[in-house]
Amino acid sequence: MASGIRFDKVSVAYGANTVLHSLDLTVEPGEVMALLGPSGSGKTTALRAVAGFVRPASGRVLIGDRDVTDLPPHRRGIGMVVQQYALFPHLRVEDNVAFGLKAQKVAKAEIPARVTEALEMTGMASYAKRYPRELSGGQQQRVAIARALAIRPGVLLLDEPLSALDAQLRSGMLAELARLHRELPDVSILYVTHDQVEALTLADRIAVMDKARLQDCGTPQELYRRPRTEFTASFVGNANLLPVQVGSGSVSFAGAQLKVPTGDVASGVSATLCVRPHLVGLGDGPNALTGSVSEVQWRGSTHRLYVDVDGHRLKADLRELRTPPALGDEVTVHFAPEDAVLLSAGVSKDG
Amino acid sequence: MASATLSAPVNKAANPRKGMPKWVWALPPVAVLALVFLYPLALVVQQSVQPDTGGTSLKPYADVFASSAFREALGTTVWLALGATVGCLVLGFALALVIAFVPFPGGKAVAKFIDVFLSFPSFLITLALLFVYGSVGMANGLWTDVTGAASGPFQFLTTPWGVLLAEITYFTPFVMRPLLAAFSQIETAQLEVASSLGAKPARIIRQVILPEALPALAAGGSLVLVMCLNEFGIVLFTGAKGVTTLPMLVYSKAILESDYPGACVVAVVNVLISVGLYGLYRVVSRRAGA
């Protein structure tokens, strides 16, 4: 039953417009892979290539060991959940869930039990007789998930499944999805989202997409703590991206020498230093930088300060301050050397 | 709906200030309606109970109902209308499916052409069919040229089948229009999810598209049914002498036989059937939740 997904140099083009460029990606059996990227990055196209709704111009899509590139969608055995639920409005909840079982010619006697099982898994068993229009958005999405799970797919495709829900419901559903995956450890999940929190929370690995290409792929921790590119750094979590000149064991930024691990980056080149805003502290400390406050945002539990350091805007997320600085105040901020990451990709001489 | 209920009290409050009760505004349209529609209709009903022999009686009804010509016409009208409606629904559903869900170059143009087609007069279609299948039409001409026979094999145009063909050809777009509108409302995501769940196209059409298009089918079908019941031009233009429908009967009684009471009786029956079917449609469609 356990079957992964493999993209083998998959390209998709509409006319001259390439919307997915030679994607190589493997989702291991039982793994949750998030495809994270802004709209137009090709992430949904990749998902639709697995489902069979777009035909790759070149490359192959494999589910398990099966090359499904030329198979029509109805022969791929995939569960799919989309943003707008797409429940069949004229069918009761139970008939929506039974739809796939009937289409796959499951024995009639077996269907009611399978429907109940799927609905219980998503906590919707008591709504079996309702029509979709009688349910809230969150409930409809649970039914949609139950409908996808009822056919016991080896692969589950989730296309922005929580985007239509409000913030509170979304975090509840995230926990729910995580629980479902624990209960169904064999199901490989491809999860398309533009929301970094969903990706960080749910995914075993995240594939970061931009401009029709795979930019980066790794565990959430790797991508968050050790991003390789500016795009990953800014899209997975928040980031200060500072243009620096690399020295030996330190970098220079705005006339200040900052002690950061430079790894194997050659001395003398221009590079970008990534510092997470919540790792920036107020006051004196290691790697201190002084600038004037250009904006203060109170966010309840935190204050976000924007500090102008020699023309560069530095973001700092600080635990709520008793007396936040006023606009234009001179402040000093700092960060620990180990909290800074020198982005190794895209480093160029004199860049 | 909400805005209507909200605005109602405002209107009530505003009316006394204007000093004009609301129903006054209804008078002109009602008057026009009465003059051009209800009054002639009343005249027809009145005429139908006034036989030429004088007085008021239901004798014209008894006479008409007793005549075999009327019963034949009634039968012909109903089966032609039902047949044409079924044909339009089947053909219209199939064509609308292709236009809506099978992307092909020029699909948009075809959809636009259907709008134009609706504006054509009905006899135009019959005329076109005459050119193609008429006794001296293209098809028969080709046949006689090739085989040297005296007449071609296509002689169905003057039979009820010819009328049926012409009515289906002409009225199918009336079914397609609401269907295309209904199809455009169906989320593509529903169809995609259905196929990912393992449903083949036939099952998707049967279990997803058809149920969601039922109200549109009912609307288009009932429209076509009523229009077929009252169709006159098509029957006249096919020159099918053996095919007498109720409107044809009205025409021949009134114009050819000068039997006005008889014509009016048939007309009243025709109106009652139309209104009755329309009422039935409203009841059914409301129950279906359309």
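Please read these numbers as outputs of a predicted model, since none were measured by experiment.

(A) Region of the structure containing the overall build of chain B. Per the secondary structure count, chain B includes 13 helices and zero strands. Helices (α) and strands (β) of chain B occur, in sequence order from the N terminus, as α-α-α-α-α-α-α-α-α-α-α-α-α. What you see for chain B is a C-alpha radius of gyration of 24 Å, clearly larger than the 19 Å of a compact globule of 290 residues, by over 25%. Counting only C-alpha atoms, chain B reaches 85 × 75 × 30 Å along its principal axes. A burial count over chain B gives 33% of its 290 residues as buried. Long-range pairs, those at least 24 residues apart, make up 74% of the contacts in chain B between residues at least 6 apart in sequence.

(B) The interface of chain A and chain B, seen in detail. Tallying the contact residues gives 17 residues for chain A and 16 residues for chain B. Counted by class, the side of chain A that touches chain B contains 12 nonpolar, five polar and no charged residues.

(C) Here's a closer look at the domain arrangement of chain A. All names here are of chain A. The assigned domain composition of chain A is domain 1 (5-230) and domain 2 (238-348). The gap between the C-alpha centroids of domain 1 and domain 2 is 38 Å. The interface is formed by five residues belonging to domain 1 together with eight residues belonging to domain 2. The class makeup of the residues in the side of domain 1 that touches domain 2 is one nonpolar, one polar and three charged.

(D) Geometry of the UniProt feature "domain: ABC transporter" (unreviewed entry) in chain A. Within this structure's numbering, the places UniProt gives as "domain: ABC transporter" (unreviewed entry) are residues 5-236 of chain A. Taken end to end, residues 5-236 of chain A is 35% helix and 27% strand, and its first and last C-alpha atoms sit 23 Å apart.

(E) Highlighting the nonpolar core. Within the largest apolar cluster, 119 residues are counted, with the highest numbers of intra-cluster contacts made by Met 33, Ala 34, Leu 35, Leu 36, Leu 157, Leu 190 and Tyr 191 of chain A. A total of 13 residues in this core trace back to one element, the largest contributor, which is helix H8 (residues 160-185) of chain B. If we ignore the near neighbours within four places in the chain, the residues touching Ala 34 of chain A are Tyr 191, Thr 193, Ala 199, Leu 202, Ala 203, Ile 206 and Ala 207 of chain A. Leu 289, Val 307, Val 309 and Leu 314 of chain A belong to the second largest nonpolar core, which has 25 residues in total.

(F) Region of the structure containing the UniProt feature "domain: ABC transmembrane type-1" (unreviewed entry) in chain B. Annotation from UniProt places "domain: ABC transmembrane type-1" (unreviewed entry) at residues 74-281 of chain B. Measuring from the first to the last C-alpha atom of residues 74-281 of chain B gives 20 Å, for a span that is 79% helix and 0% strand.

(G) Region of the structure containing the pairing of strand S18 (residues 312-319) of chain A. Residue and element names in this part refer to chain A. Note: strand S17 (residues 302-309) against S18, eight bridges, orientation antiparallel. Each residue of the ladder has a partner; that of Asp 308, found in S18, is Arg 313. Adjacent in sequence and paired antiparallel, S17 and S18 are bridged by two residues, among which Asp 310 carries a positive phi angle near 55°.

(H) Representation of the UniProt feature "transmembrane region" (unreviewed entry) in chain B in the model. All names here are of chain B. In the numbering used here, UniProt assigns the feature "transmembrane region" (unreviewed entry) to residues 23-42, 78-104, 116-136, 156-176, 213-240 and 260-281. Annotated as residues 156-176, this span is 81% helix and 0% strand, and its ends, taken at the C-alpha atoms, are 26 Å apart. Strand forms 0% of residues 213-240 and helix 82%; the C-alpha atoms that close the span are 35 Å apart.

(I) Main features of the sheet that holds strand S9 (residues 205-210) of chain A. All names here are of chain A. Reading across from one edge, S6-S7-S8-S3-S9-S10 is the order of the six strands in this open sheet, with mixed pairing throughout. Single-partner strands in this sheet number two, and they are strand S6 (78-82) and strand S10 (213-218). Averaged over neighbouring strand pairs, the angle between their axes works out to 15° when direction is ignored. By the bridge criterion, five bridges tie strand S7 (residues 155-159) to strand S8 (residues 188-193) in an arrangement that is parallel. Residue pairing for S8: Leu 156 is matched across the bridge by Ile 189.

(J) Quick look at the environment of Asp 70 of chain A. Residue position: Asp 70 of chain A is located in the loop between strand S5 (66-67) and S6. Counting along the chain gives 51 residues from Asp 70 of chain A to Val 19 of chain A, while the straight-line C-alpha distance between them is 19 Å.

(K) Summary view of the pairing of strand S16 (residues 289-298) of chain A. Residues and elements named next belong to chain A. As paired strands, S16 and strand S19 (residues 330-334) are joined by four bridges and run antiparallel to one another. Note that in S19 the partner of Leu 289 across the bridge is Val 333. Examined bridge by bridge, S16 and S17 share six bridges and lie antiparallel to one another. Across the sheet, the residue bridging to Val 296 is Leu 305, located in S17. In this antiparallel pair of consecutive strands, S16 and S17, the connection spans three residues, and Gly 300 shows a positive phi of 85°.

Rules used throughout
Residues numbered from 1 in each chain as written. Chains lettered and ligands numbered in written order. Predicted model: local features only at pLDDT ≥ 70, side-chain atom pairs only at ≥ 80, totals over all residues. Helix = DSSP H or I, 4+ residues; strand = E, 2+ residues; numbered from the N terminus. Rg over C-alpha atoms; globule rule 2.2 N^0.38 Å. Buried ≥ 20, exposed ≤ 12 C-beta atoms within 10 Å, placed from the backbone. Contact = placed C-beta atoms within 7 Å. Nonpolar A, V, L, I, M, F, W, Y, C, P; charged D, E, K, R; others polar. Domains from an automatic or database assignment. UniProt positions renumbered as here; feature names shortened; annotations may be inferred. Core = buried A, V, L, I, M, F, W, Y, C linked by C-beta atoms within 7 Å. Pairing = 2+ DSSP bridges. Axes fitted to C-alpha atoms, helices over the stretch in contact; angles between N-to-C directions.

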